[in-house]
Amino acid sequence: MIYSVQDIATIISAKESVLIPRRIKYLAIDSRKIVFSKETIFFAIKSTRNDGHDFIKDLIEKGVENFVVQVSFNTKDFPGINFLVVENVVLALQILAKFHRASFLKLPDGNIFPVIGITGSNGKTIVKEWLFELLNSSYHIVRSPRSYNSQLGVPLSVWQISEQHNLAIFEAGISTVNEMDSLESIIQPTIGVLTNIGEAHREGFLSNEEKLLEKLKLFKHASQVIAPLDCISESEQHLLKLHCSVVFTWSRNHQANLQITKETVAQNHTSITAQLNGLPETIIIPFNDRVSIDNAITCWCVMIVLGISQEAIQHRMLLIEPVEMRMQLKSGINQCFLINDSYSNDLLSFSMALTYLQQQAGTQKTTVILSDILQAGIPDEVIYQQVANELKQRKIHRLIGIGQKISQHQALLKNAAAEILFFHTTAIFLQEAMSHWFNRDYILLKGARVFEFERISKWLAQQQHQTVMEINLSAMVYNLKAYQKKLAPATMVMAMVKAFSYGSGSIEIARLLEFHKVNYLAVAYADEGVALRKAGIGLPIMVMSPDEQSFDDLINFHLEPEIFSFPIYQAFHQYLLKQAVNSFPIHIKLNTGMNRLGFELSDVANIASSIIQHQTMQVISVFSHLVASESNEFDDFTLAQANSFSNACQELQEKLGYAFIKHISNTAAIFRYPSLQYNMVRLGIGLYGVDSANAKDLQLQTVATLKSTIAQIRTVKVGETVGYGRNGLISQSSQIATVRIGYADGFDRRLGNGRASMYVNGQLALVVGNVCMDMTMIDVTGIPNLNEGDTVEVFGANLSVQQVADWSDTIVYEILTGISQRVKRVYLEE
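Reference entry: report on the structure contained in this document. (Residues numbered from 1 in each chain as written. Predicted model: local features only at pLDDT ≥ 70, side-chain atom pairs only at ≥ 80, totals over all residues. Heavy atoms only, no water.)

**Concerning the overall build of the protein chain**
Heads up, the rule is: Helix and strand labels come from DSSP, where a helix needs a run of H or I of at least four residues and a strand needs a run of E of at least two; each type is numbered from the N terminus. To get the radius of gyration, use the C-alpha atoms; to get the globule rule, take the number of residues to the power 0.38 and multiply by 2.2 Å. Note on classification: 1.4 Å probe, protein chains only; a residue is buried when its accessible area is under 20% of the maximum for its type, exposed when over 50%, partly exposed between these limits.
Helix and strand content of the protein chain: 27 helices and 40 strands. For 830 residues, the compact-globule formula gives about 28 Å, and the C-alpha radius of gyration of the protein chain, at 29 Å, lands near that figure. Overall, the protein chain is about 90 × 90 × 60 Å in size when its C-alpha atoms are taken along their principal axes. Counting the 830 residues in the protein chain, one finds 56% classified as buried.

**Some details on a positive patch on the surface**
Filter applied, for reference: Patches in this entry comprise residues that are over 30% relatively accessible and not in a salt bridge; like charges within 9 Å are linked, as are nonpolar side chains (Val, Leu, Ile, Met, Phe, Trp, Tyr) within 5 Å. For the accessible areas, the method is Shrake-Rupley and the probe is 1.4 Å, while residue cover comes only from the protein chains on display. Basic side-chain nitrogens of Lys or Arg form a salt bridge, by our definition, when they fall within 4 Å of a carboxyl oxygen of Asp or Glu. Only four residue types enter the tally: Lys and Arg on the positive side, Asp and Glu on the negative side, with His and both chain ends excluded. A charge is said to be at NZ when it belongs to Lys, at CZ for Arg, at CG for Asp and at CD for Glu.
A grouping of Lys33, Lys481, Lys485 and Lys486 is seen on the molecular surface, where their side chains present a positively charged patch. Within the element layout of this structure, lysine 486 appears in the loop between α17 (473–484) and β24 (492–496). Taking relative accessible area as the criterion, lysine 486 reaches 32% and is therefore assigned partly exposed.

**Looking at a nonpolar patch on the surface**
A cluster of nonpolar side chains, Ile284, Leu318 and Leu319, forms an exposed patch at the surface whose accessible area comes to about 260 Å². Among the secondary structure elements, leucine 319 is positioned in the loop between α10 (310–317) and β17 (327–331). Judged by relative accessible area, leucine 319 falls into the exposed class, the value being 51%.

**Some thoughts on empty space enclosed by the protein**
Cut-off, in case you're wondering: The definitions used throughout rest on a 1 Å grid laid over the protein atoms alone, on which a cavity is an enclosed set of points accommodating a 1.4 Å probe that cannot get out and a pocket is an open set flanked by protein within 12 Å on both sides along at least five of seven lines; lining residues are those having an atom within 4 Å of a point. Grid points are joined across faces, edges and corners, and a volume is the space filled by probe spheres set on the points. Classification convention: Asp, Glu, Lys, Arg as charged; Ala, Val, Leu, Ile, Met, Phe, Trp, Tyr, Cys, Pro as nonpolar; all other residues, Gly among them, as polar.
Applying the stated rule across the entire model yields 1 cavity of 30 Å³ or more. In this structure, the largest cavity occupies an estimated 40 Å³ of space. Taken together, Leu706, Gly746, Phe747, Asp748, Leu751, Val794, Phe795, Val804, Ile815 and Ile819 form the lining of the largest cavity. For the lining of the largest cavity, a count of residues per class yields 8 nonpolar, 1 polar and 1 charged.

**A closer look at the sheet that holds strand β14 (residues 258–265)**
For clarity, the cut-off: Between any two strands, pairing holds if DSSP finds at least two bridges. Interaxial angles span 0 to 180 degrees and are taken between N-to-C directions of axes, which are lines fitted to C-alpha atoms, for helices over the stretch in contact.
With mixed pairing, the 9 strands of this open sheet are ordered in space as β9-β10-β8-β11-β12-β13-β14-β15-β16. Two strands lie at the open edges of the sheet, namely β9 (141–143) and β16 (279–285), each paired on one side alone. Going across the sheet, the axis of each strand differs from the next one's by a mean of 20°, ignoring polarity. Relative to strand β10 (residues 167–171), β9 runs parallel, the two sharing 3 bridges. Along β10, the bridge assignment pairs valine 142 with alanine 168.

**Some remarks on the pairing of strand β35 (residues 734–739)**
The buried fraction of β35 amounts to 5 of the 6 residues, a majority that puts the element mostly inside the structure. Pairing of β35 with strand β38 (residues 776–779), which is carried by 4 bridges, proceeds in the antiparallel orientation. Within the sheet, the bridge partner assigned to isoleucine 736 lies in β38 and is aspartate 779.

**Concerning unusual backbone geometry**
Residue arginine 440 is not a glycine yet carries a positive backbone phi of 60°. Structurally, arginine 440 is set in the loop between α15 (426–432) and β22 (442–446). Accessibility expressed as a relative area gives 45% for arginine 440, which makes it partly exposed. At alanine 580, a residue that is not glycine, the phi angle is positive and equals roughly 55°.

**A look at the packing of helix α3 (residues 89–102) against helix α6 (residues 180–187)**
Two quantities define a packed helix pair, namely the angle between the axes and the distance from one axis to the other. Formally: Residues count as neighbours in contact if any of their non-hydrogen atoms are within 4.5 Å of one another.
For the pair α3 and α6, interaxial distance at closest approach is 7 Å and the crossing angle is 35°. Between α3, through Gln94, Ala97, Lys98 and Arg101, and α6, the contact on the second element is made entirely by Ser182, Ser185, Ile186 and Ile187. Looking at the contact of α3 with α6, its residues break down into 3 nonpolar, 3 polar and 2 charged.

**Some points on the side chain of threonine 270**
So the rule is basically this: Throughout this description, a polar contact denotes any pair of N or O atoms lying within 3.5 Å of each other; where both atoms belong to protein, one of them has to be capable of donating a hydrogen while the other can accept it, and for residues adjacent in sequence the pair is counted only when both atoms sit in side chains.
Note that threonine 270 resides in strand β15 (residues 270–276). Accessibility expressed as a relative area gives 0% for threonine 270, which makes it buried. Looking at threonine 270, its side chain comes within polar contact range of the main-chain oxygen of phenylalanine 287, at 2.5 Å.

**Side note on the pairing of strand β40 (residues 824–829)**
With 6 of 6 residues buried, β40 is to be regarded as a mostly interior element. Neither face of β40 is open: one carries Lys824, Val826 and Leu828, the other Arg825, Tyr827 and Glu829, and all of them are buried. Two strands pair when backbone bridges link them, and strand β23 (residues 468–472) and β40 are joined in this way by 5 bridges, in the parallel orientation. Each bridged residue has a counterpart across the sheet, and for methionine 469 the counterpart in β40 is arginine 825.

**Notes on the packing of aromatic side chains**
To describe a pair of aromatic rings, one takes the distance between the centres and the angle between the planes. The following threshold applies: We call Phe, Tyr and Trp rings a pair once their centres come within 6.5 Å, taking the six-membered ring for Trp, and we label the pair stacked below 30 degrees between planes, edge-to-face above 60, and tilted otherwise. Working rule: Lys NZ or Arg CZ, within 6 Å of ring centre, within 35 degrees of ring normal, means a charge sits over the ring.
Inspection of every chain in the model, using the stated rule, returns 22 aromatic pairs. A centroid spacing of 5.3 Å and a plane angle of 75° characterise the contact between phenylalanine 423 and phenylalanine 429, whose relative ring orientation is edge-to-face. Given the relative accessible area of 6%, phenylalanine 423 is considered buried. In this structure phenylalanine 429 comes out as buried when scored by relative accessible area, which is 0%. One aromatic cluster is present, formed by Phe42, Phe67, Phe73, Phe78 and Phe83 through successive ring pairs. A cation sits over an aromatic face here: arginine 143 above phenylalanine 132, 3.6 Å from the ring centre. Against the face of phenylalanine 660 rests lysine 662, its NZ or CZ located 5.0 Å from the ring centre.

Structure, rendered in structure tokens:
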């Protein structure tokens, strides 16, 4: 359905100022992701850190004409624009989505429009995507994009329902009490699915019983609910039956509708047998881990409830594939970057992938390699017209279409991009394509699984060492928000991206941080800032270690130097004079106890006088470094530093006659010293998931995972040795695995000879012998189901980088920044 602005005003009971008749197709809450400006209405939502109203002016300049705003916003500043004024913008969004859902209560044949609502502690997205895969041949399905399951994500998901659909599958996620009622009123599920009850979001509830009761609110009007019994207690099972009218259960240990009787796990698949209506039924799935087995059984139950035949279920279960919930960004041939989005292939996920492509590419050239979009229920002409609109609106440079259907619709796509090529199959593309076609491109691969785009990915990917460091960008955004919650609303954030962003990759991290609107970036040297500017990064950048050789770059690339001494001040002043430059932005560094760089406190009056007299520079910020903000032992010293800093800033500001940004807090101080936030804080190692203040309630997520693979496994007898120098003496017959990582990759030689371990198949394996340049040996004796080629985690979610640093008698900073550049960085986004 397409609504007019007036329709929406009526639905949400807005005080409207409608000057332009517009038909609305898209809802937006993120100003950065609007593509079709004339058909979009923007909901200006205010959060603890951002206010959507602040972006209205920029959006109007980009062509957006329709806004939902709160009553305090002055609409008179923007004549000729449609404003719908409400008390609560979030509530207005939810009311609109609820109205839209109510328009699809029945199918054209009079039957109930089936809506599956999924909740649980884990597995919601996997179950949703597998159900889409398993049911897509029987229904025209609309579903939540990725993990859109929040108070804002659910309305955006439900808004997608159209006349072409006859089944909806939506997730609902909560983190505390009194959240589910609003989601239930929007989704209005007819079938409920509870995946499990576990420890996720445990902090928001007094008990698992309270959490279960809140989740069960999603099902209060559902005609049937699917639920597992093994993860909930007997009292919780009683609550389940009390609050849900009809429950279809599955269990291994309790009496259930689907009673699991036998599971046979093989190397690449699992056979599951169950009693259903007194008869044995068996399915085989291509997975052998417990989580996947449980999720598959949940999907089995849903298909039974929907009346899918056991024969069809058995056939479809054999074909389910892993759900890749993260887009990967990795280096490609000819200095290209490759984004491989194998998560799904429909119009919605295509649009989201294009947004990520734009975010990463900046001003660089973009190429989209797209297969046929196999989206049931939508005519091909509609699909490819929408594809053309998306590509043209986003100014994609080149489209490569692969498949019979996309090739048949060349006429619709002829103006979609500056360059367009079509190939009937993936094999033909690989035969005819030339590597020189791609040079410094950002390439998006978006293909249905039957097109085997992994072959294209392998061809385009830079040949690489099997040791990689995965950087989870979604985890970094989570960590950024975790620290922002500790800040006053007006406090700015300077993100530290020096030293190759602590080993994680400067350009990719800077793009992410710019997208999420940090205020400043900081680098150590000018050449790091130059690289960011050349990549299209527009944020202000502070250079912490400028020298005379870098002055040209500072001016040419709009980089702001830290001025820390009179010699560097005088040198830069003379340079600016020769260039006839006035009021160039600088950052004054004060020494309050680090005794590394910075003006002494007694120098404040003199440096202020020089700045006033010369007028070649303007102070943007004044800052200092805390020496031991993470340590309780030195709290008095930290507070003394802050006091000296405040006094010096006051003196400097009085003499200069104007205000400037003040910042002294580093990552640890953000949490430990809220009173020292001043105007801005500098966030460094915390972004990367390392809690330098050891404040366990921050619950940071792991960003960097260093992984390698096993090259060889051999049996080594008692008395033999492993590695150089014969230091690895074997005391009992052992299985020794050689891993493709060594000190040339950044795995320190100090970690050899039993000092450290690696994580393999759920267990720690001790390092044996000396670490070699390119290889390290580990003892895998007793670790089952291990094969050559298997993955080994050097550090990550299962083995913390802090632990590796402890084994090395060093700090996390050294471990992260010491990972060699020959180790490829692969970027993942949820």
